[in-house]
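Fold and contact review
Given next are the chains, with one letter for each unit.
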Amino acid sequence: MRKHYLDYIRTFALMGVIVIHVSSVEIRKFDINSNHWLIAHFFDSISRVSVPLFFMLSGVFSFKTKVNNKNFIITRLKRLVIPLLFWASIYTIWNLIISDRNYTMLGIIKK
């Protein structure tokens, strides 16, 4: 049975993330003593709860049924690690070949 209140929480969290991104741009545009900055900072602050809500909702949806812990971890790692490695490779190739940047481990550590 679908729990509609979880959909409402997800919608609220989605809107909150959008507000975070929009207001963070506005905060940088205005002087800290202006009313515009205070309004943007207010909305940015109250919408910060949306990211933890997404984490909590992912936990709710992940554990709907009883699963074997080993299988759960293997499945989740496959779903996370494979895309991570793929996109990290694409990004690294882009930076090394197309943007002509030369990365070394020592250079990354120094930054």
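The sections below set out a description of the structure shown in this document. (Residues numbered from 1 in each chain as written. Predicted model: local features only at pLDDT ≥ 70, side-chain atom pairs only at ≥ 80, totals over all residues. Heavy atoms only, no water.)

1. As for the overall build of the chain
- What the chain contains, in helices and strands, is five helices and zero strands.
- Put simply, the chain runs from its N terminus to its C terminus through helices and strands in the order α-α-α-α-α.
- Looking at the chain residue by residue over its 111 residues, the buried ones come to 16%.
- A sequence separation of at least 24 residues applies to 59% of the contacts in the chain between residues at least 6 apart. (Helix = DSSP H or I, 4+ residues; strand = E, 2+ residues; numbered from the N terminus. Buried < 20%, exposed > 50% of the residue type's maximum accessible area, 1.4 Å probe, protein only. Contact = heavy atoms within 4.5 Å.)

2. A closer look at helix H2 (residues 35–46)
- Taking 1.5 Å per residue as the helical rise, H2 with its 12 residues ought to reach 16 Å, and the 17 Å between its terminal C-alpha atoms agrees with that figure.
- Three or more residues of H2 are buried, namely Trp37, Ala40 and Asp44. For H2, the angular spread of buried residues about the axis comes to 70°, placing them on one side.
- On its buried side, H2 packs onto helix H1 (4–29). (Expected span 1.5 Å × (residues − 1). Arc of directions from axis to C-beta.)

3. A look at the packing of aromatic side chains
- Counting across every chain of the model gives two aromatic pairs.
- An angle of 80° between the planes, with centres 4.9 Å apart, marks the rings of Phe86 and Trp87 as edge-to-face. (Phe/Tyr/Trp six-rings, centres within 6.5 Å; stacked < 30°, edge-to-face > 60°.)

4. Describing the pattern of salt bridges
- According to the stated counting rule, one finds three salt bridges in the structure shown.
- One salt bridge connects Lys29 with Glu26, and the closest N-O pair in it is separated by 3.3 Å. Here Lys29 pairs with Glu26, and both are found in helix H1, just three residues apart, close to one helical turn.
- Judged by its relative accessible area of 56%, Lys29 is exposed.
- Between Asp44 and Arg48 there is a salt bridge whose closest N-O contact spans 3.0 Å.
- Residue class for Arg48 comes out partly exposed when judged on its relative accessible area of 44%. (Salt bridge = Lys/Arg side-chain N within 4 Å of Asp/Glu carboxyl O.)

5. Considerations on a nonpolar patch on the surface
- Taken together, the side chains of Ile73, Leu77, Leu80, Val81 and Leu85 make up a nonpolar region of the molecular surface, amounting to roughly 470 Å² of accessible area.
- Assignment of secondary structure puts Leu80 in helix H4 (residues 69–98). (Patch = residues over 30% accessible without salt bridge, like charges linked within 9 Å, V, L, I, M, F, W, Y side chains within 5 Å. Areas by Shrake-Rupley, 256 points an atom, 1.4 Å probe, with all protein chains shown as cover.)

6. Things to note about the packing of H1 against helix H3 (residues 50–62)
- The contact between H1 and H3 brings their axes to 8 Å, and the two run at 145°. Along this stretch, H1 crosses H3, giving a crossing that reads as left-handed. Touching Leu6, Ile9, Arg10, Phe12, Ala13, Leu14, Gly16, Val17 and Ile20 of H1 are Ser50, Val51, Leu53, Phe54, Leu57, Val60 and Phe61, all from H3.
- Considered class by class, the residues forming the contact of H1 with H3 number 13 nonpolar, two polar and one charged. (Axes fitted to C-alpha atoms, helices over the stretch in contact; angles between N-to-C directions. Left-handed = near helix turned anticlockwise from the far one by under 90°. Nonpolar A, V, L, I, M, F, W, Y, C, P; charged D, E, K, R; others polar.)

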